[in-house]
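Per-entry structural report
Below, each chain spelled out in residue letters.
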Protein chains: 2
Amino acid sequence: MHNITCRYSTKNQKKYTFPITTIKSLVTDSTYIGKTVTVHGWVRSQRLQKTVTFIDLDDGSLLSGLQIVMDSSVAKTLTTGTSVKISGKLVPSPSKNQAVDLEAIDLTVLGECDPQSYAISKNRLPLEHLREYQHLRSRTRIFGALWRIRSAALQGIHDFFKAQEFTQVNMPILTTHDCEGGGEAFRVLTDDTLKSYQNYAVNYSQTTQHQALPLPDEFFGKPVYTTVSAQLHLEFMASALSRVYVLGPAFRAEKSQSTRHLAEFWMLEAEACFIPTISALTDLIEGNIKHVIQHVLNTCQEDLALFDQFSERDLVQKLDNVSNKLFERMTYTDAVQVLLNAEKGINGKRCAPEWQFPVKWGLPLQSEHEKFLAETIIKGPVFVTDYPKKIKPFYMKQSGIGNTSVTKCDGETVACTDLLLPKVGELAGGSLREDQYELLAQKINDAGLDSAQLEWYLDLRKYGSVPHGGYGMGFERLLGYLTGMTNIRDMIPAPRSYGHCKF
Amino acid sequence: MHNITCRYSTKNQKKYTFPITTIKSLVTDSTYIGKTVTVHGWVRSQRLQKTVTFIDLDDGSLLSGLQIVMDSSVAKTLTTGTSVKISGKLVPSPSKNQAVDLEAIDLTVLGECDPQSYAISKNRLPLEHLREYQHLRSRTRIFGALWRIRSAALQGIHDFFKAQEFTQVNMPILTTHDCEGGGEAFRVLTDDTLKSYQNYAVNYSQTTQHQALPLPDEFFGKPVYTTVSAQLHLEFMASALSRVYVLGPAFRAEKSQSTRHLAEFWMLEAEACFIPTISALTDLIEGNIKHVIQHVLNTCQEDLALFDQFSERDLVQKLDNVSNKLFERMTYTDAVQVLLNAEKGINGKRCAPEWQFPVKWGLPLQSEHEKFLAETIIKGPVFVTDYPKKIKPFYMKQSGIGNTSVTKCDGETVACTDLLLPKVGELAGGSLREDQYELLAQKINDAGLDSAQLEWYLDLRKYGSVPHGGYGMGFERLLGYLTGMTNIRDMIPAPRSYGHCKF
């Protein structure tokens, strides 16, 4: 009936395979040896000799790239950054630096690269310089390695939660809630709404009949923000699926220029029902982190070795130790005592550095205290649990018998934990959640929050409430720990922070 | 030196295991039969008989749940939604509806559930009703199944790209770009900036010295938006790592109330270097979708069977067919001809429905045309390729020899594709990208865009440019195809659309 002679097809592939072979495949699969193959990539560097030239070719799949051996007369024009397609024969390398070489037979230059204006050279460049060229920096060894480790760490997280029977969910970015009430959420609106606010302000300034003014027109009918945490939303998914996690972006409108904060970052958040104690929660966090470390150790040896040289001596050894050792635990109360003892020192000789912030039960632990605990006292990861309730958010459950192994149940602390790491400081934070309706309603009231806006959250305690808990972990901080890199702006491809939003 | 006697630990676990056993494990692992086990979950329904009561218990891990057999004197208070912890003996079930039963020995009610006010009953409820209770709807069979399929589909996507050696990356949500220039991006600012804009408007209205007014103060130093597509950013990662993909949220400030659009949704975007033709790109998209379908078919049989009954007859058969059959391909030019032929019909009898929008070469295909092509003409997925350049974005490469198998290279079409599916309409769209500096600069100019703002994007064509292409796919639409569900607001846990942002 219809003219459909124009239908055309390629081959039906039961199992799809991408039509280009990566350098990683060529180097790691010995069946390619002796065969004629085609590679695509960018020239990283070249060593020009009289008759032959050695080219270090990179396609992003493997740190060490592929060594191309070719006639020097052809190779002369191949500057760093030039993209090429090369066919040739893969042969065992006479050099001990690599297993195979490609003896080039045919070369096509895909795109030239002007060495005068190209911001990336074959030499090592400072990270600060590269941060100015975010769209090109991934072509360096260090960032190539970083993004492969980042991808492996994401994979490791998914693998862990799959094995532990968690369901992956996606929680909203746009929300009417400012989760912890810090006032650090970004407002989201349309251009029309912005104009509407401006008109409203002008009309307001020109009249005394304020009540008659039409209110600014919001796209969603009310103000919305970018999320600072998915936790509250995640709890409603947990209350149906038992175990859930979300890996997604989160935002902070903090005017911070520190090396530890971003305005936009990725966060892992997990929530589990029926989890009985804070120890069970710390075990889960520990299991998660160790799994990711092991996964990265298993899949990114070559890339990790680069960071071992570049950013942290004995990085691989550190990761290996940590993935096999029990993480320490101590209560906040004990941590404060340890810090005070270190202040007091032995025979009046202080064992701790001079701190900017005081140490006193009831005050938050500052980054300097956290690092001292993890780096100097424990010399490794440590969970600090059972903080004073006054310095923690409303939704945390009171510490109690069964919740913790150590703290006396004096009603002043909550069943929560922060995981502290050497150099990184706080990596993850979690708690058991208040699961009793009346207690939660009271806490919402005490915190001066709008209980009508949190009615849905209270509902979870009204209809089949269960003990549950969860945690959040900053993904870029984890990546810092995995690579020994110290500036969080290097941990994410396109960093956003106060005053900075490149493209 | 320091007092660290307060350190305490739980057992060092080489391999972590979550301490609660899911219903899914109990039902699928026969080694539990005959053992005393403990389960946690919510009562879905109960059948009260004289001496024993049968309870259908749900913990979110398995659609069919677990049948509990218990003494009726105890079970009386257990209404739908009540959370419980039950210990008992797992025994082979005498019923043919399930493999095992749990004979309850001990029961603890964790949280009661008032049946009078509880919005979820054991009976089937309309989706519209459940949409009003987003925080509770996941406890129904249908949404539990949906979120398990969603999680499996996410997993299937990650598995596919890992096997094809793609690196997973995260691209920015906050951006200074409005990718395709549609003006549908949300503005992001701080409360301070909003006040600053209001003050500016008031001051502007009260003075004629406009040039002397201090400009509104932006957190990032310039206006930023939530992303509508990660594509341009993704290209800079592809130009270093060759193959990359991103699975993240995207936003549209469209005042649409349709069943196919959300203001916030999840999108898969993939970009691959050295991909030679539009056929190679359609093969990649096809491979991706088939892999996800097969993964969901393999891992979610029980959940899919529910949708087979609930939302689409022969859903499983459809998915099975599609995952084994070649997707059709046709050019836009041929698609228009097919539509015109269907209009003309046979012996003057129209074969197509009356359309709201005209069919003419050079005009976009509307949703009604796309569905007719996929549903009536092809009766399955179809790639339409090589659309007129005038209706496509600036970055697409001209169709040409090698790019497509069919279209004559007349310079009026671009090497792009939309994948159309029955019922769903457009699921994915992709293209080869213009990789020549001069041509791209010209297109930017022709489109009236600011080439200074796109200088970084042009750089990718200046320094080692390579042929490349990629695509985007709306994840919620894919989920609609996988489940036969028709309203996109049911495909995401907390839907946001014009006028709607619940909590």
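Here the structure is a predicted model, which is why all the values come from computation and not from measurement. (Residues numbered from 1 in each chain as written. Chains lettered and ligands numbered in written order. Predicted model: local features only at pLDDT ≥ 70, side-chain atom pairs only at ≥ 80, totals over all residues. Heavy atoms only, no water.)

**Some points on the relation of the copies chain B and chain A**
Under the fitted operation, chain B is carried onto chain A by 0.0 Å of movement along the axis and a turn of 180°, and the coordinates agree to an RMSD of 0.0 Å. Those values place the two copies in the arrangement expected of a two-fold rotation axis. When the interface residues of chain B are mapped onto chain A, 100% of them again lie at the interface, so the same face is used by both copies. (Least-squares fit on C-alpha atoms with pLDDT ≥ 70 in both. Contact = heavy atoms within 4.5 Å.)

**Some points on the sheet that holds strand E3 (residues 66-71) of chain A**
Residue and element names in this part refer to chain A. Reading around the barrel, the five strands line up as E1-E2-E3-E5-E4 and close back on themselves, with mixed pairing between neighbours. Each strand axis lies, on average, 55° off the axis of its neighbour in the sheet, ignoring direction. Bridging between strand E2 (residues 52-58) and E3 involves six bridges; their strand directions are antiparallel. Across the sheet, threonine 53 pairs through a bridge with methionine 70, a residue of E3. (Pairing = 2+ DSSP bridges. Helix = DSSP H or I, 4+ residues; strand = E, 2+ residues; numbered from the N terminus. Axes fitted to C-alpha atoms, helices over the stretch in contact; angles between N-to-C directions.)

**Thoughts on the sheet that holds strand E14 (residues 416-421) of chain A**
Residues and elements named next belong to chain A. The strand order across the open sheet built from eight strands is E6-E10-E11-E16-E15-E14-E13-E12, with neighbouring strands paired in mixed fashion. A single partner strand is all that each edge strand has here, and the edge strands are strand E6 (167-168) and strand E12 (328-331). One ladder, built from seven bridges, connects strand E11 (residues 264-273) with strand E16 (residues 468-474); its direction is antiparallel. Looking across to E16, one finds that glutamate 271 is bridged to glycine 470. Sitting on the sheet, helix H10 (residues 332-344) touches E12 and strand E13 (382-385), and the angle it makes with E12 is about 90°. Seen against the sheet, helix H11 (residues 367-378) touches E12, E13, E14 and strand E15 (425-432) and runs at an angle of roughly 60° to E14.

**Digging into H10(A)**
All names here are of chain A. An ideal rise of 1.5 Å per residue puts 18 Å on 13 residues; H10 measures up with 18 Å between its terminal C-alpha atoms. Residues Tyr332, Asp334, Ala335, Val336, Val338, Leu339, Asn341 and Ala342 constitute the buried set of H10. Residues of H10 that are buried sit in contact with E12, H11 and E13. In the segment just after H10, glycine 345 is the residue with positive phi, at about 75°. (Expected span 1.5 Å × (residues − 1). Buried < 20%, exposed > 50% of the residue type's maximum accessible area, 1.4 Å probe, protein only.)

**Quick notes on the packing of helix H4 (residues 141-163) of chain A against helix H14 (residues 475-483) of chain A**
Residue and element names in this part refer to chain A. It is at 11 Å that the axes of H4 and H14 come closest, and there the two elements cross at 120°. Both H4 and H14 take part in a crossing whose hand is right-handed. Between H4 and H14, the residues in contact are Leu146, Ile149, Arg150, Ala153, Leu154 and Ile157 and Phe475, Glu476, Leu479, Leu482 and Thr483, respectively. Taken together, the residues of the contact of H4 with H14 break down into eight nonpolar, one polar and two charged. (Left-handed = near helix turned anticlockwise from the far one by under 90°. Nonpolar A, V, L, I, M, F, W, Y, C, P; charged D, E, K, R; others polar.)

**As for the pairing of strand E15 (residues 425-432) of chain B**
Regular strands place side chains that alternate from one sheet face to the opposite one. Residues and elements named next belong to chain B. The buried fraction of E15 amounts to six of the eight residues, a majority that puts the element mostly inside the structure. Where strand E14 (residues 416-421) lies against E15, six bridges are found, and the strand directions are antiparallel. The partner of leucine 421 across the bridge, within E15, is glycine 425. Count of turn residues in the E14/E15 antiparallel hairpin: three residues, of which lysine 423 carries a positive phi of about 70°. Note that E15 and strand E16 (residues 468-474) share five bridges and pair antiparallel. The partner of alanine 428 across the bridge, within E16, is methionine 473.

**A few points about the packing of aromatic side chains**
A full pass over the atoms with the stated rule returns 46 aromatic pairs over all chains. With a centroid separation of 5.7 Å and an interplanar angle of 75°, the aromatic rings of A:Tyr332 and A:Trp361 are classed as edge-to-face. Here A:Trp361 lies in the loop between H10 and H11 and A:Tyr332 lies in helix H10, a separation of 29 residues in the sequence. In this structure A:Tyr332 comes out as buried when scored by relative accessible area, which is 0%. Relative to B:Tyr395, the ring of B:Phe394 lies with its centre 5.4 Å away and its plane at 75°, an arrangement referred to as edge-to-face. A single burial state applies to B:Phe394 and to B:Tyr395, both of which are buried. Of the aromatic side chains, those joined through ring pairs into one cluster are A:Tyr16, A:Phe18, B:Phe160, B:Phe161, B:Phe166 and B:Tyr245. Stacked on the ring of A:Trp355, the Lys or Arg A:Arg350 has its end atom at 5.3 Å from the ring centre. Lying across the ring of B:Tyr481, B:Lys318 places its NZ or CZ 3.8 Å from the centre. (Phe/Tyr/Trp six-rings, centres within 6.5 Å; stacked < 30°, edge-to-face > 60°. Lys NZ or Arg CZ within 6 Å of the ring centre and 35° of its normal.)

**Some thoughts on the domain arrangement of chain A**
The parts lose accessible area when they come together, and the size of an interface is often stated as this lost area. Residue and element names in this part refer to chain A. Per the domain assignment, the segments making up chain A are domain 1 (23-118) and domain 2 (147-188 + 224-490). Contacts between domain 1 and domain 2 engage five residues on the former and four residues on the latter. With both sides pooled, the region where domain 1 packs onto domain 2 buries about 420 Å², and carbon together with sulfur makes up 48% of that total. Connecting domain 1 to domain 2 are zero salt bridges. Partitioned by chemical class, the residues of the side of domain 1 that touches domain 2 number two nonpolar, three polar and no charged. (Domains from an automatic or database assignment. Buried area = accessible area lost by both parts, 1.4 Å probe. Salt bridge = Lys/Arg side-chain N within 4 Å of Asp/Glu carboxyl O.)

**Things to note about the interface of chain B and chain A**
Each side of the interface is counted separately: chain B has 152 residues, and chain A has 154 residues. Buried surface at the junction of chain B and chain A, summed over both partners, amounts to about 13,400 Å²; 61% is from carbon and sulfur atoms. When the area that chain B buries against chain A is broken down by residue, the three leading residues are B:Tyr8, B:Phe219 and B:Tyr463, summing to 7%. Residue A:Asp192 pairs with B:Lys255 through a salt bridge whose shortest N-O separation is 3.9 Å. Counting every contact that joins chain B to chain A gives 49 residue pairs in polar contact (both at pLDDT 80 or more). Counting residues per element, the side of chain B that touches chain A draws most heavily on helix H4 (residues 141-163) of chain B, at 10 residues. Looking at the side of chain B that touches chain A, its residues break down into 67 nonpolar, 54 polar and 31 charged. Sheet analysis places strand E8 (residues 187-189) of chain A next to strand E8 (residues 187-189) of chain B, joined by three bridges and oriented antiparallel. Residue pairing across strands places A:Val188 opposite B:Val188, the latter belonging to E8(B). (Polar contact = N/O pair within 3.5 Å; in protein donor to acceptor, adjacent residues only side chain to side chain.)

**Here's the deal with the nonpolar core**
Residues A:Leu373 and B:Leu373 are the most contacted members of the largest nonpolar core, which totals 246 residues. In this structure, A:Leu373 is in contact with A:Met330, A:Ala335, A:Val338, A:Leu339, A:Leu365, A:Ile378, A:Lys379, A:Val384 and A:Leu420, ignoring residues within four places of it in sequence. (Core = buried A, V, L, I, M, F, W, Y, C linked by side-chain atoms within 4.5 Å.)

**Overview of unusual backbone geometry**
Residues and elements named next belong to chain B. You will see that lysine 379, though not glycine, has its phi angle at about 60°, which is positive. Within the element layout of this structure, lysine 379 appears in the loop between helix H11 (367-378) and strand E13 (382-385). Under the relative-accessibility criterion, lysine 379 is labelled exposed at 59%. With a phi close to 40°, phenylalanine 503 is a non-glycine residue in the positive phi region. Structurally, the position occupied by phenylalanine 503 is in the segment after strand E18 (500-501).

**Brief notes about the environment of A:Gly287**
Structurally, A:Gly287 can be placed in helix H7 (residues 278-299). Remark: the alpha-carbon pair of A:Gly287 and A:Arg313, spanning 26 residues in sequence, is separated by 25 Å. Beyond its immediate stretch of four places on either side in the chain, A:Gly287 contacts A:Phe160 and B:Tyr16.

**Section: the pairing of strand E1 (residues 36-48) of chain A**
Residue and element names in this part refer to chain A. With seven bridges connecting them, E1 and strand E4 (residues 83-92) associate as antiparallel partners. Counted as the bridge partner of tryptophan 42 is serine 83 from E4. Bridge count for E1 against E2 is six bridges, and the pairing is antiparallel. Its bridge partner lying in E2, serine 45 is registered against aspartate 56. As consecutive antiparallel partners, E1 and E2 are separated by three residues.

**A word on the pattern of salt bridges**
All chains considered together, the criterion is met by 37 salt bridges over all chains. As a salt-bridge pair, B:Glu312 and B:Lys318 come within 3.3 Å of each other at their nearest N and O atoms. The two residues B:Glu312 and B:Lys318 agree in class, both being buried. Bridged by salt links that share partners, the residues A:Arg44, A:Asp56, A:Asp58 and A:Arg141 form one connected network.

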